[in-house]
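The residues making up each chain are set out below.
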Amino acid sequence: MSDTPDSSLPLPAARVSDAERERAAEQLRVAVSDGRLDLDELDERLTAAYQAKTRAELVAVTFDLVPVRNETRPLALRTKSGTIKRTGVWTVPAEIIAECTSGTIKLDFTQARIEDREVHVHANAKSGSVVLVVPHRGWTVVMEDVSSSSGSIVNKVHGDGGPYGHTIRVTGGVTSGVIKARHPRRRFIDWLLGRPHPDALTS
């Protein structure tokens, strides 16, 4: 008897993570704030979202709520020798300009509010650094159009955001500075015990 799986059998449905459920819940809350859902619909759909076990079930909750594209002007962050940070809860536009001469610009997306599935970051680091910090799951960083003279371009985000996650596309250049994308660092106790970051664990 062959142990080879039967290729004619359907593949199991993709399971969803807690992070994906939370993103769907936030999308529902935004839909209430802009008038696309009423409170009764919100309660019904939130229940379905938190009970969803597969991506198909989660998509059914939000399929008619395509995010309203953010038409605001690009967020422009420029520094010569200082430090600029966007951390904690902040609203992410569809386009960000990050330019530093010898300072640091840090964009932390781990608690950010984001409606667009794709964000364009135009980064320019002469001798400073532009750092992107993204959650462990559901995010992709693409650095296919970034040039470097003598600096460094580092992308430590190896995850696949998939059709339901977010993508950050980085363009720009580095002279002698650094453009880096990474996940949140582990707490000292997690590092000491050899444990991964809690958000890196699969649900």
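Only a predicted model underlies this, so the values are computations on that prediction, with no experimental measurement involved.

(A) Highlighting the sheet that holds strand S4 (residues 95-100). Read from one edge of the open sheet, five strands run S1-S4-S7-S11-S9, paired in parallel fashion. Each edge of the open sheet is held by one strand with a lone partner, namely strand S1 (75-79) and strand S9 (139-148). Geometrically, the sheet is characterised by an average inter-axis angle of 15° between neighbouring strands, direction not taken into account. Where S9 meets strand S11 (residues 166-174), eight bridges bridge the pair, whose relative direction is parallel.

(B) Highlighting the sheet that holds strand S5 (residues 104-108). With respect to topology, five strands assemble into an open sheet ordered S2-S5-S8-S12-S10, the strand pairing being parallel. Edge positions in the open sheet fall to strand S2 (83-86) and strand S10 (152-155), since each of these has one partner strand only. Averaged over all pairs of adjacent strands, the angle between their axes in this sheet comes to 10°, without regard to strand direction. With five bridges joining them, strand S8 (residues 129-133) and strand S12 (residues 178-182) adopt parallel strand pairing. Paired with Val130 across the bridge in S12 is Ile179.

(C) Representation of the pairing of S12 in the model. Here S10 runs beside S12; their pairing, made up of four bridges, is parallel. Bridging across to S12, Ser152 finds its partner in Val178.

(D) A look at the packing of helix H1 (residues 18-33) against helix H3 (residues 55-62). Look at H1 against H3: their axes get within 10 Å of each other, and the N-to-C directions meet at 10°. The pairing of H1 with H3 is recorded here as roughly parallel in orientation. Along its contact with H1, which presents Glu20, Arg21, Ala24, Gln27 and Leu28, the element H3 presents Arg55, Leu58, Val61 and Thr62. For the contact of H1 with H3, the residue count by class is four nonpolar, two polar and three charged.

About the criteria used
Residues numbered from 1 in each chain as written. Predicted model: local features only at pLDDT ≥ 70, side-chain atom pairs only at ≥ 80, totals over all residues. Heavy atoms only, no water. Pairing = 2+ DSSP bridges. Helix = DSSP H or I, 4+ residues; strand = E, 2+ residues; numbered from the N terminus. Axes fitted to C-alpha atoms, helices over the stretch in contact; angles between N-to-C directions. Parallel < 35°, antiparallel > 145°, perpendicular 65-115°, else oblique. Contact = heavy atoms within 4.5 Å. Nonpolar A, V, L, I, M, F, W, Y, C, P; charged D, E, K, R; others polar.

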